[in-house]
Each structure stands twice: as structure tokens, then as C-alpha cells.
Amino acid sequence: MPVTITDDVLAAAHLSEPELRRELAVALFREERLTLGQASRLAEMDQLTFQAVLADRQIPIHYGVDEFREDLRTLETLDRR
């Protein structure tokens, strides 16, 4: 589902589109609404880069069973290629 954020909203927030995506991803990850993989995809960053953003903000990485299973699914998908 596409979401449209107008340029005037971005300007008022003093954010570019990539910055807004990153801020949204960080907030949703911090609230445990998205996994690390989901948040990094939303931010359009690889997981290591997104982890560095979290570390800079002193946001701990929660990694549980669901995230482990998602990583396994990703690895299985990559292995099939």
C-alpha cells in the first residue's frame, strides 16, 4: 500500500524522503512493531547499516525467535537462487 507524503510535509519536518523512511523504521523497530529485517527494508538499508543507525542512537537490538525464523526463511530463499 503506497503512502504519499507531500513535499510540504517533508519540508516542514526538515527531512528528505530517505530520512523519513529511516526515522519511521527506527521508531517502529524501537517499539518492536517491526523486526530488524523489516525495519531495514523500510529504511532501504542493509541490516548492518541499519544496525549502525540503531547503535548511534543507543537502541538495543532485540532478536528473538520470530527474527531468527525470518532470517532462516531469507537464507533458504537465497540458497534456492
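Residues numbered from 1 in each chain as written. Predicted model: local features only at pLDDT ≥ 70, side-chain atom pairs only at ≥ 80, totals over all residues. Heavy atoms only, no water.

A. Expanded view of a nonpolar patch on the surface. A cluster of nonpolar side chains, Ile61, Tyr63, Phe68, Leu72, Leu75 and Leu78, forms an exposed patch at the surface whose accessible area comes to about 570 Å². You can see leucine 78 is positioned in helix α5 (residues 65–80). For leucine 78, a relative accessible area of 47% gives the class partly exposed. (Patch = residues over 30% accessible without salt bridge, like charges linked within 9 Å, V, L, I, M, F, W, Y side chains within 5 Å. Areas by Shrake-Rupley, 256 points an atom, 1.4 Å probe, with all protein chains shown as cover. Salt bridge = Lys/Arg side-chain N within 4 Å of Asp/Glu carboxyl O. Helix = DSSP H or I, 4+ residues; strand = E, 2+ residues; numbered from the N terminus. Buried < 20%, exposed > 50% of the residue type's maximum accessible area, 1.4 Å probe, protein only.)

B. Quick peek at the environment of leucine 75. In this fold, leucine 75 is placed in helix α5. In this structure leucine 75 comes out as exposed when scored by relative accessible area, which is 54%. The spatial distance from the C-alpha of leucine 75 to the C-alpha of isoleucine 5 is 34 Å, given a sequence separation of 70 residues.

Nothing here speaks to function; it is all geometry.
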